[in-house]
Amino acid sequence: MQTRAVLAEAARLVPLATVRELDVARDVAEAEAEGIRTTPTVIVKNAAGTEVFRAVGVPTLAQVLVAAAKAL
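Residues numbered from 1 in each chain as written. Predicted model: local features only at pLDDT ≥ 70, side-chain atom pairs only at ≥ 80, totals over all residues. Heavy atoms only, no water.

To continue, consider the overall build of the protein chain. When helices and strands are tallied, the protein chain shows three helices and two strands. In sequence order, the secondary structure elements of the protein chain are arranged as α-α-β-β-α. On C-alpha atoms alone, the protein chain measures out to a radius of gyration of 12 Å, which is about the 11 Å that the 2.2 N^0.38 rule sets for 72 residues. With the C-alpha coordinates aligned to their principal axes, the bounding extent of the protein chain is approximately 30 × 30 × 15 Å. (Helix = DSSP H or I, 4+ residues; strand = E, 2+ residues; numbered from the N terminus. Rg over C-alpha atoms; globule rule 2.2 N^0.38 Å.)

Here it is as structure tokens:
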């Protein structure tokens, strides 16, 4: 719930950002392909699909906003 709240606020502040939640229990292959071993895991990618940030656990809003700036 904390991660969702942080990401919702980041999405509100950065309207160009796309926030997508992955159900790792249902989408096992995609979770494995992304290297997700623990939840929550937050991955921020740029437009080319390159990972610019990864947080295992609940990230701070500041961390997500800095990562969004790197991605844009």
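Next up on the list: helix 3 (residues 61-71). Among all positions in helix 3, only Val-64, Ala-67, Ala-68 and Ala-71 are buried. Projected down its long axis, helix 3 carries its buried residues within an arc of 105°, all on one side. More than 90 degrees from the buried face of helix 3, the exposed residues found are Ala-62, Ala-69 and Lys-70. Residues of helix 3 that are buried make contact with helix 1 (2-13), strand 1 (41-45) and strand 2 (51-56). (Buried < 20%, exposed > 50% of the residue type's maximum accessible area, 1.4 Å probe, protein only. Arc of directions from axis to C-beta. Contact = heavy atoms within 4.5 Å.)

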